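This is what each chain is made of:
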Amino acid sequence: MAPETKHLEVTLDTHVESVNLAEEMCVRVAEAAGFNEDECYRIGMAVREGVINAFHYGNQEKPEKKIHLAIELTLERMIIKVMDEGKGFRLTDVPDPLAEENLLSTSGRGIFLMKAFMDDFDVLPGRTGGAELVMAKRLPLLGSPSSNGSGKASNSDATPHQEA
Amino acid sequence: MPSLFATTREFSGITLVDLSGRISLGDGSALLRKTVRDLLDEGRTKIILNLGDVNYIDSSGIGELVSGFSAVRNRGGELKLLNLTKKVHDLLQITKLFTVFDVFNEESTAVRSFE
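Owing to the predicted nature of the structure, the values given are computational and were not obtained by experimental measurement.

Considering the overall build of chain B
Thinking step 1. Of regular secondary structure, chain B possesses four helices and five strands.
Thinking step 2. Ordered by position from the N terminus, the helices and strands of chain B form the series β-β-α-β-α-β-α-β-α.
Thinking step 3. What you see for chain B is a C-alpha radius of gyration of 13 Å, in line with the 13 Å of a compact globule of 115 residues.
Thinking step 4. Each principal axis of the C-alpha distribution contributes one length, and for chain B these read about 30 × 25 × 25 Å.
Thinking step 5. At a minimum sequence separation of 6, the contacts of chain B that also span at least 24 residues come to 71%.

Observations concerning the overall build of chain A
Thinking step 1. Secondary structure summary: chain A contains three helices and five strands in total.
Thinking step 2. Traced from its N-terminal end to its C-terminal end, chain A shows the element sequence β-α-α-β-β-α-β-β.
Thinking step 3. Counting every position in chain A, which comprises 164 residues, the buried fraction comes to 40%.
Thinking step 4. Pairs at least 24 residues apart make up 68% of the contacts formed inside chain A by residues separated by at least 6 positions.

Looking at the sheet that holds strand β4 (residues 120-125) of chain A
Residues and elements named next belong to chain A.
Thinking step 1. Here we have five strands laid out as an open sheet, ordered β1-β2-β3-β5-β4, and antiparallel in their pairing. Of all the strands in the sheet, the pair left with one neighbour each is β1 (6-13) and β4. Adjacent strand axes in the sheet meet at a mean angle of 15° when their direction is disregarded.
Thinking step 2. Sheet topology note: the β4/strand β5 (residues 131-138) ladder contains six bridges and is antiparallel. Of the residues in β5, the one forming a bridge with V123 is L133.
Thinking step 3. Here helix α1 (residues 16-32) sits on the sheet and contacts β1, β2 (66-73) and β3 (77-83); the angle it forms with β2, its principal contact strand, is near 5°.
Thinking step 4. Sitting on the sheet, helix α2 (residues 37-58) touches β2, β3 and β5, and the angle it makes with β5 is about 180°.

Details of the interface of chain A and chain B
Thinking step 1. Every contact between the two is made by 16 residues of chain A and, on the other side, 15 residues of chain B.
Thinking step 2. Mapped onto the side of chain A that touches chain B, the elements with two or more residues apiece are α1, α2 and α3 (110-117) of chain A.
Thinking step 3. In terms of residue count, the dominant contributor to the side of chain A that touches chain B is α2(A) (four residues).
Thinking step 4. Looking at the side of chain A that touches chain B residue by residue, the classes come out as 10 nonpolar, three polar and three charged.

A closer look at the nonpolar core
Thinking step 1. Among the nonpolar cores identified, the biggest contains 40 residues, and A:C26, A:A30, A:A46, A:V51, A:M114 and A:M135 are the most heavily contacted of them.
Thinking step 2. Looking at this core, the elements with two or more residues in it are α1, α2, β2, β3, α3, β4 and β5 of chain A.
Thinking step 3. When residues in this core are grouped by element, the largest group, nine residues, is from α2(A).
Thinking step 4. With residues up to four places along the chain from it excluded, the contact list for A:A30 reads A:F35, A:E39, A:C40, A:I43 and A:M78.
Thinking step 5. The next biggest cluster of nonpolar side chains, apart from the first, holds 30 residues, and it includes B:V17, B:L39, B:V66 and B:L79.

Topic: the environment of A:P95
All names here are of chain A.
Thinking step 1. Its location among the elements puts P95 in the loop between β3 and α3.
Thinking step 2. Put simply, P95 and L133 are 38 residues apart on the chain and 17 Å apart in space, counted from C-alpha to C-alpha.
Thinking step 3. Apart from residues lying up to four places away in sequence, P95 is in contact with N102 and G108.

A few points about the pairing of β2(A)
Residue and element names in this part refer to chain A.
Thinking step 1. Of the two faces of β2, only the one carrying I67, L69, I71 and L73 is buried; K66, H68, A70 and E72 on the other face are not.
Thinking step 2. For β1 and β2, the ladder comprises eight bridges, and the chain directions are antiparallel. Paired with V10 across the two strands is L69, which belongs to β2.
Thinking step 3. The turn joining β2 and β3, which pair antiparallel and follow one another in sequence, is formed by three residues.

Reading the values: the criteria
Residues numbered from 1 in each chain as written. Chains lettered and ligands numbered in written order. Predicted model: local features only at pLDDT ≥ 70, side-chain atom pairs only at ≥ 80, totals over all residues. Helix = DSSP H or I, 4+ residues; strand = E, 2+ residues; numbered from the N terminus. Rg over C-alpha atoms; globule rule 2.2 N^0.38 Å. Contact = placed C-beta atoms within 7 Å. Buried ≥ 20, exposed ≤ 12 C-beta atoms within 10 Å, placed from the backbone. Pairing = 2+ DSSP bridges. Axes fitted to C-alpha atoms, helices over the stretch in contact; angles between N-to-C directions. Nonpolar A, V, L, I, M, F, W, Y, C, P; charged D, E, K, R; others polar. Core = buried A, V, L, I, M, F, W, Y, C linked by C-beta atoms within 7 Å.

Take a look at the structure:
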C-alpha cells in the first residue's frame, strides 16, 4: 500500500443496524475527503446497498457470519470494499432491473444503484469465499462543484484521476 | 425513534397517506408495507402516498413501493405518488419506475385523477 493511502477496516455483525453504521462511517470519511453533500449522499447510498447485499444475499441474514468493510483513501480515489461470508456471485448473473420484465420486481436494484452512484464498481471473489464488492469514487478537486470547499481533506493537494 | 411516520386522510373513497422520514431497510419499509396492507384489508384500494416529507429511500424502500403498487393493483385499485422530493424523483427516474407510477405534484390533481 502506498504511504499516502489511508486505510480503515471494520468487521460488522450481520444485522440491520450494520447497514446504517457502515453508511454513516463512509459518509463521514467522504465529507472529510472533501466530497459535497450530493456526492456524500451517493457514496452513502452505494455503501448502504453494498452492506444490504452482504447482509441479505451474501450472509443470508445469518448472525454467525460477518460483514467486512474497508475504506481506502488514496491521493486520487476513495475506495470502498464490502465483503461477505456467503457463496459469492458473478456480476454477469445479476438480472437487469431496467428490463421490462423486471420493472415490477420488488428486489434486485442494489447492484444497479451502486454502479450508478460510483465511478467504478466490480464484484470479486472474496478471501472468505464470499463476494467482495469493490467501488470507487474519484476525489473532488478543491473548489470544484463536487467539493464541499471545507478544505478538510487530508490529501487536498491531490490531483483527481481523470478518465475519458 | 421510528424512521418513518404515516398518517392517513380520507377524501370520498380515496385514502391519502402522508409519509415522513426514511423508507429504508428495517422499520421504514416495514411500516409502509403494513400501512398499505392494512388499507387493503379495510377495502381501501384508491391510495395516494404523499412522499413530500420522505427525504430518503433505498432499494428496500423502492421494493416496498413496487410491492404496494402491485398489491393494490391486484385488488383492482390504484396506488399513486404525490410530491416527490428531488432525491426520490431522481431515484425513480434512474430505475425507470417513473414510467410505472402515476406521479403528481398537486394533491387536488392526484385526488381528481381517480374520478
